[in-house]
Amino acid sequence: MRAVCLAAGLVTAYYLLPLDGRGTARTVALLTCGLLAVVLVFLWEVRAIVRSRSPRLKAVEALAATLALYLVLFAGVYYVMERSSPGSFSEPLTRTDALYFTLTTFTTVGFGDIAARSQTGRVVTMLQMVGGLMLVGIAARVLAGAVRAGLRRQGREPPPE
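Before going into details, it helps to say that this report is about the structure given with it. (Residues numbered from 1 in each chain as written. Predicted model: local features only at pLDDT ≥ 70, side-chain atom pairs only at ≥ 80, totals over all residues. Heavy atoms only, no water.)

**Description of the packing of helix α3 (residues 55-84) against helix α4 (residues 95-106)**
Helix-helix packing: each pair is described by the crossing angle between the helix axes and the interaxial distance.
Point 1. As a packed pair, α3 and α4 sit with axes 8 Å apart at the nearest point and diverge in direction by 125 degrees. On the basis of their axis angle, the class for α3 and α4 is oblique. α4 is crossed by α3, and the crossing has right-handed handedness. Where α3 abuts α4, its residues L67, Y70, L71, F74, A75, Y78 and Y79 lie against R95, A98, L99, F101, T102, L103 and F106. (Axes fitted to C-alpha atoms, helices over the stretch in contact; angles between N-to-C directions. Helix = DSSP H or I, 4+ residues; strand = E, 2+ residues; numbered from the N terminus. Parallel < 35°, antiparallel > 145°, perpendicular 65-115°, else oblique. Left-handed = near helix turned anticlockwise from the far one by under 90°. Contact = heavy atoms within 4.5 Å.)

**Description of the side chain of E82**
Point 1. Among the secondary structure elements, E82 is positioned in helix α3.
Point 2. An unpaired buried charge is present at E82: no salt bridge exists, and R83, the closest side chain of opposite charge, is 5.4 Å distant.
Point 3. A polar contact of 3.5 Å, which involves the side chain of E82, links it to the backbone nitrogen of S88.
Point 4. The residues contacting E82, other than those within four sequence positions of it, are G87, S88, F89, E91, P92 and L93. (Buried < 20%, exposed > 50% of the residue type's maximum accessible area, 1.4 Å probe, protein only. Lys, Arg positive; Asp, Glu negative; His and termini not counted. Salt bridge = Lys/Arg side-chain N within 4 Å of Asp/Glu carboxyl O. Polar contact = N/O pair within 3.5 Å; in protein donor to acceptor, adjacent residues only side chain to side chain.)

Don't take any of this as a statement about function, it's just geometry.
This is how it looks when you write it as structure tokens:
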């Protein structure tokens, strides 16, 4: 339930935050600070998993929190990018369109209606794609290791793989 509430809170914040400012520097700062925040939240969550009385449940919460933050971050970047460089995408992006594009890119179902047109838009989209693969692959591995460490700490060895 905490994971759902956290994801809902992040999406709500995405819609409420004032992201209408223009400027490439703002977009770069948003992406850089946001990615740093994703890494810091992830590391904090790994630490919490190891110390948790329910490491498996905490790992699910950690993945939900990290994933929601990652997706909202890129949606915000795409939204600000479209505001600062109109025409970066095949159509103007509302916040919902930016979130839709982010989810479409993350789930790799293809682009059909919205696509990055500018070089900057394509580079940021590629960064999201690579980051998404890393989030799924590396994060899953790290979270599984943290769960095992948490169970070992409690004296409850996980079953052999």
